[in-house]
Structure formats: C-alpha cells, structure tokens
Amino acid sequence: MTSAEYRLYDVSLDRSFGGRDATIEREQALAIIDLLDCNTFMPVGHDGGPYRLKIEAVDGRMVLHIADDAGEHVVSHYLSLTPFRRLLQDYTRICESYYDAVRHPGPERLEAIDMGRRGIHNEAAELLKSRLSAKVNIDNDTARRLFTLIYALLVRSADHRVLLS
C-alpha cells in the first residue's frame, strides 16, 4: 500500500443545523481544502482507502463516520467532547479576540493572539490524536484541521456563547 491510500478524499459536515456565520463557514471551507490537500488518515486494521469522512454532532458527542471510496462503512467513532471543553472555550475566546483585534489596528496584538491560537490548536491536535488512536491514526496537521472542523460544527450548531459557559 502506498501512503496515498491512507488519506481522506472527501469530508462533509452535518448540515442539519440552522444558523450560518460567514466567518465560520469560511474557516470551515479552508480547513476542508487544507485537509483534503494533505492528510494522513489510517483506520486501524483496515487495508487502505482513500476514505470519506462525515462529522456530525449526536447527543452531545461528535461522531466520525468513515467509509471507503466505494461507500462501504469502515468504522464510526463517537467522540466525547468533555475532554475538549476547556480547549473549545479557549479557542472561542481567542477567535473573538482575533476578530476584535482585526477591527483595531496593531500587528503586535494580532501576532500574540495568533501564537495563542496555534498553541491551543497544537494542544487540541494532541488530544484528538490520542482520543482517536484506538480507531484511526492521524498526523498533527490532520488533527489540527479536524479540530477546526469540529469547532466549526459546534459553533454552527449552537450560539457560540454556549461554548463559553
């Protein structure tokens, strides 16, 4: 098997939720483009892909449905969000700070906020890799982009202030 067979070629998010925020939608679209451009995605015990991934929120958990290129179900992973709660809260706050800083000039502030955002992304990526490791092996960049998609789905599915409580 070549490494190209252990990759995602299609990613979709549950679209059953109402509200749309242009900024979140743009962030989600960029994360999907980046994810599809370069990723490592290896379901444990499976012979190879490429793979399709559908992410949805069900009963307060994220569900990752993985299928092969023929559409055959490979595995579903139910991911508790409890271990991610602090990271999601921090990421929400830092995103709000970033959008506020964009409206008020000051590159130093933007740089500091971006460093903080990258730090949260790195921590979330490590946690996501760990939580998925029993079913799927992913690299850091894939984990970072998947965290962005999970965040986008959660923000779109509820008023983002819910993530702060």
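### Section: the overall build of the protein
Along its length, the protein carries four helices and six strands. Counting from the amino terminus, the protein carries its helices and strands in the arrangement β-α-β-β-β-β-α-α-β-α. Residues classed as buried in the protein amount to 41% of the 165 residues present. Expressed as a percentage of contacts within the protein between residues at least 6 apart in sequence, the contacts between residues at least 24 apart total 64%. For the protein, the exposed surface amounts to about 8700 Å²; the carbon and sulfur share of it is 51%.

### Description of unusual backbone geometry
Looking along the chain, the bond that leaves G49 and enters P50 is cis, with omega of 15°. With respect to the helices and strands, P50 occurs in the loop between β2 (41–43) and β3 (51–58).

### Regarding the environment of L110
Mapping L110 onto the fold places it in helix α3 (residues 107–132). A C-alpha to C-alpha distance of 6.6 Å links L110 and Y98, two positions twelve residues apart in sequence. Filtering out sequence-adjacent residues up to four positions away, L110 remains in contact with Y98, A101 and V102.

### Notes on the layout of surface pockets
Where empty space is left in the structure can be found by rolling a water-sized probe over the atoms. Considered as a void within the structure, the largest pocket measures approximately 470 Å³ in volume. Taken together, 18 residues line the largest pocket, and the ones lying closest to its centre are E27, Y91, R117, H121 and T148. Counting residues per element, the ones that place at least two in the lining of the largest pocket are α1 (22–37), α2 (85–103), α3 and α4 (140–157). Residue composition of the lining of the largest pocket, grouped by class: seven nonpolar, three polar and eight charged.

Definitions and cut-offs
Residues numbered from 1 in each chain as written. Predicted model: local features only at pLDDT ≥ 70, side-chain atom pairs only at ≥ 80, totals over all residues. Heavy atoms only, no water. Helix = DSSP H or I, 4+ residues; strand = E, 2+ residues; numbered from the N terminus. Buried < 20%, exposed > 50% of the residue type's maximum accessible area, 1.4 Å probe, protein only. Contact = heavy atoms within 4.5 Å. Areas by Shrake-Rupley, 256 points an atom, 1.4 Å probe, with all protein chains shown as cover. 1 Å grid on protein atoms, 1.4 Å probe; cavity = no way out; pocket = protein on both sides within 12 Å on 5 of 7 lines; lining within 4 Å. Points joined across faces, edges and corners; volume = space filled by probe spheres on them. Nonpolar A, V, L, I, M, F, W, Y, C, P; charged D, E, K, R; others polar.

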